[in-house]
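# Architecture at a glance
Spelled out, the chains give:
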Amino acid sequence: MTPNTEKLAVVLKGWPRLSETFIAQELVALEEGGLPLELWSLRHPTDHKTHPLHDRLQARVRYLPEYLKDEPLRVLRGVLHALRQPGFGAAWGALRRDYARDRTPNRLRRFGQACVLARELPADTPGLYAHFMHTPSSVARYTAILRGLPWSFSAHAKDIWTSPEWDLREKLHPDSHGAAFGATCTGFGATYLQGLADTPARVDLVYHGLDLTRFPAPPDRPLRAPDAPFAMMSVGRLVEKKGFDRLIDAFALLPDTLDWHWTHIGGGALNDALQAQATARGVNHRITWRGACDQPEVIAAMRACDLFVLPSRVADDGDRDGLPNVLMEAASQKLPILSTPVSAIPEFIDTGVHGLLTDDAPATLAHAMGTIAADPEQARRMADAAHTRLTDAFQMNPGIAHLDQRLRAMIRAAK
């Protein structure tokens, strides 16, 4: 077992973040399982709220310079320290190869952050673990080379599908100082990354799952009458890949006989545009835009609604969802689900069994919403089946046990 003085360095894009409860859930479980951690975040928090889960984490959180110009002396000390490290030549060579294919200030910033991290990591740090395979893994990789440490990663969605193939390969091959191992949360992503790695064994499929001890038992939902008001909701950032623009167009196609309302939880860059679109389509009076909410507020909303809708799609830049945790959270409350067969969503939902999966065309979405509203008994059957699937195959503990074992083995192998 790792001595308590040795803390695994966890490199994060930002901490805490409301939209990344899956990371908070994992880190709390690892820590409470006896793995000492220290968090290093590339960004300061921007959310005004946090989840109760964030308060459970005891690890110290350190923030690297988000922009190198903001803390020039700290960066200078890091660079001067890096120049004296035995691994500097290899790290500089890795940067030169990467920069030849990615001539951006962002690439240089990651190396500067790595120099700071390599200097400030405690001497007994046993290794690094990065969440997301793009920028946090770049920082972890350069740092690991400088310090002669093993590193690993957890990949999710955007970081896989918007990263160039060469960058992923660099992080998956030992001859380019790649990770000791990687984990990803979908079979869809695992298959892709295994095909880029030197060996498929370098990448493990580890579903996040849910820690159901954090959630109340599902409510005793009375069977809704087909002509009763129909409350729908979604949780997700207001960005292209979530597909909310198509959903708003679908709302405009719903029949006047359906007394519906939609609640959206989450913020994002498209907030103003989507609200303007809803006004132009004549449906904004049926919508509540709640903005960012903490998890108790999300669960309370789920318990009061009749349908959870997530019309995910592939964005123009290739970004897409993996297996959104909010679908499992909806299932935990036996809230019927309507979504799309994008990425790994079908790994959790068999359409017609655990929910409905349709394409994201507005007419198709509108038809599916009408179908579920008109058949409350089918909606209940699917919600019950999704809850059973969640409890049987998507709980958190198996994945945490596997990840804990892999991280400890990485640390032991480096000693």
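Look up a bit, the structure's there.
Description of the structure in this document. (Residues numbered from 1 in each chain as written. Predicted model: local features only at pLDDT ≥ 70, side-chain atom pairs only at ≥ 80, totals over all residues. Heavy atoms only, no water.)

### A look at the sheet that holds strand β1 (residues 8-12)
Applied cut-off: Strands are treated as partners if at least two bridges between them are detected by DSSP. The way it works is that DSSP assigns letters per residue, a run of H or I at least four long becomes a helix, a run of E at least two long becomes a strand, and they are numbered from the N terminus. Axes here refer to lines fitted to C-alpha atoms; in helices the fit is confined to the stretch in contact. Angles between the N-to-C directions go from 0 to 180 degrees. When checking whether two residues touch, look at their non-hydrogen atoms; a contact exists if any pair is within 4.5 Å.
The strand order across the open sheet built from seven strands is β3-β2-β1-β4-β5-β6-β7, with neighbouring strands paired in parallel fashion. Sheet topology places β3 (60-63) and β7 (203-205) at the edges, where each strand pairs with a single neighbour. If you compare each strand with its neighbour and ignore which way they point, the axes differ by 20 degrees on average. The pairing of strand β5 (residues 151-155) with strand β6 (residues 181-184) spans four bridges and is parallel. Of the residues in β6, the one forming a bridge with F153 is G182. This element, helix α6 (residues 135-147), spans β1, β4 (128-131) and β5 of the sheet and lies at about 165 degrees to β4.

### Brief notes about the nonpolar core
If you look at soluble globular proteins, the nonpolar side chains tend to sit buried side by side. Where we set the bar: Buried Ala, Val, Leu, Ile, Met, Phe, Trp, Tyr and Cys residues form a nonpolar core when they are joined through side-chain atoms within 4.5 Å. Relative accessibility under 20% of the residue-type maximum defines a buried residue, over 50% an exposed one, and the middle range a partly exposed one, all with a 1.4 Å probe and only protein chains included.
Judged by nonpolar contacts, the single largest core of 58 residues is most densely connected at M232, F251, F308 and M369. Ranked by residue count, the leading element in this core is helix α15 (residues 362-374), at six residues. Sequence-distant contacts of M232, defined by excluding residues within four places in its chain, comprise F251, L254, W260, H261, W262, T263, C305, L307, V309 and M369. The next biggest cluster of nonpolar side chains, apart from the first, holds 40 residues, and it includes A94, L95, Y142 and I145.

### What about the sheet that holds strand β10 (residues 287-291)?
Backbone-to-backbone hydrogen bonds pair the strands of a sheet. The strands run either parallel or antiparallel. The parallel open sheet is built from six strands, whose spatial order is β10-β9-β8-β11-β12-β13. Where the open sheet ends on each side, the last strands, each with one partner, are β10 and β13 (356-357). In the sheet, strand β8 (residues 230-235) pairs with strand β11 (residues 307-310) via two bridges, with the strands oriented parallel. Looking across to β11, one finds that M232 is bridged to L307. Lying over the sheet, helix α10 (residues 244-251) contacts β8, β9 (260-265), β10 and β11, oriented at roughly 165 degrees with respect to β9.

### Some words on the side chain of D404
Within the secondary structure, D404 is located in helix α17 (residues 397-413). Given a relative accessible area of 16%, D404 falls into the buried group. Apart from residues lying up to four places away in sequence, D404 is in contact with L30 and L35.

### A few points about a nonpolar patch on the surface
What counts here: Patches were defined on residues exceeding 30% relative accessible area and lacking a salt bridge, with like-charge contacts within 9 Å and nonpolar side-chain contacts (Val, Leu, Ile, Met, Phe, Trp, Tyr) within 5 Å. In these tables, accessible area is a Shrake-Rupley quantity obtained with a 1.4 Å probe, and a residue counts as shielded only by the protein chains included in the view. Within this document, salt bridges are pairs made up of a side-chain nitrogen of Lys or Arg and a carboxyl oxygen of Asp or Glu, the two lying within 4 Å of each other.
Taken together, the side chains of L73, L76, V79, L80 and L83 define a hydrophobic patch exposed on the protein surface, amounting to about 440 Å² of accessible area. Its location among the elements puts L73 in helix α3 (residues 72-83). Looking at L73, the relative accessible area reads 55%, which means it is exposed.

### A short note on the side chain of T21
One can find T21 in helix α1 (residues 21-32). Apart from residues lying up to four places away in sequence, T21 is in contact with H51, L53, Q295 and E329.

### Notes on α6
This is how the line gets drawn: One fewer than the residue count of a helix, multiplied by 1.5 Å, yields its expected span.
Helix length check: α6, at 13 residues, gives a terminal C-alpha distance of 18 Å against a target of 18 Å (1.5 Å per residue), a fit within 8%. For α6, a buried count of 13 out of 13 residues is recorded, marking the element as mostly surrounded by other parts of the structure. Looking one or two residues past α6, G148 carries a phi angle of roughly 70 degrees, positive in sign.

### Overview of the pattern of salt bridges
For the structure on display, the rule yields 30 salt bridges. Measuring nitrogen to oxygen at the nearest pair gives 3.3 Å for the salt bridge that ties E170 to R141. With E170 in helix α8 (residues 165-170) and R141 in helix α6, this residue pair connects regions lying 29 residues apart in the sequence. Looking at R141, the relative accessible area reads 1%, which means it is buried. Residue E165 pairs with R169 through a salt bridge whose shortest N-O separation is 3.0 Å. Pair noted here: E165 and R169 are both in helix α8, with a separation of four residues, about one helical turn. Residue E165 is classed as partly exposed on the basis of its relative accessible area of 40%.

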